[in-house]
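# Close look at the chain arrangement
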Amino acid sequence: MDKLNKRAVGSVYEQSAARFLKDKGYSILEMNFRCRFGEIDIIAKDGSVLVFVEVKYRASSGSGFPSEAVNYRKQSTICKVADRYMLKHGLYDNTPCRFDIISVLGDEIRHIENAFEYIGCAR
């Protein structure tokens, strides 16, 4: 599958994940926030908590589970992008936030709240 097709497929599952989160009562603040460090698929609010969400899809578990693709390196990138988002929006150290993963395997959506801890320098 070429890069364009992967992006199109990813976009479909990101939209599905956003609907899933809305149904759970989350407010979607932004989709596909990009900066020079990378991208975060979904930025949402769960009550007063700012939530950075990585969406991973796999058609089957033959290559492992989707959440396994969010390794230490990817987590570090997400944290750097989250820092940039918070800086851009004037959010400070006392803003509660967490990092979630939405794992889509076939038709099954699994939401892993607080999937990993913040990695990086102090905000």
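For the structure, see preceding data.
My aim in this report is to walk through the structure given alongside it, one point at a time. (Residues numbered from 1 in each chain as written. Predicted model: local features only at pLDDT ≥ 70, side-chain atom pairs only at ≥ 80, totals over all residues. Heavy atoms only, no water.)

## Focus: the nonpolar core
If you look at the biggest cluster of nonpolar residues, it comprises 17 residues, and the most contacted ones within it are I40, I43, F52, Y85 and F99. Of all the elements in the fold, those that place two or more residues in this core are β2 (38–46), β3 (49–58), α2 (72–88), β4 (97–105) and β5 (108–116). Tallying contributions element by element places α2 first for this core, with six residues. In this view, I40 contacts M31, N32, F33, F52, V53, I78, V81 and A82; residues no more than four positions away in its chain are not counted. (Core = buried A, V, L, I, M, F, W, Y, C linked by side-chain atoms within 4.5 Å. Buried < 20%, exposed > 50% of the residue type's maximum accessible area, 1.4 Å probe, protein only. Helix = DSSP H or I, 4+ residues; strand = E, 2+ residues; numbered from the N terminus. Contact = heavy atoms within 4.5 Å.)

## Focus: unusual backbone geometry
Phi is positive for N32, close to 55°, though the residue is something other than glycine. Note on placement: N32 falls in strand β1 (residues 27–35). With a relative accessible area of 22%, N32 lands in the partly exposed category. Even without being a glycine, N114 presents a positive backbone phi close to 50°. By the secondary structure assignment, N114 is in strand β5.

## Quick look at the side chain of R98
Take R98: it is sitting in strand β4. Separated by 2.6 Å, the side chains of R98 and Y26 make a polar contact. In this structure the side chain of R98 is engaged in a polar contact, spanning 3.1 Å, whose partner is the side chain of D46. Ignoring anything within four residues of it in the chain, the contact list for R98 reads Y26, D46, V49, L50, V51, F52, H111, E113 and N114. (Polar contact = N/O pair within 3.5 Å; in protein donor to acceptor, adjacent residues only side chain to side chain.)

All we've got here are geometric facts, nothing functional implied.
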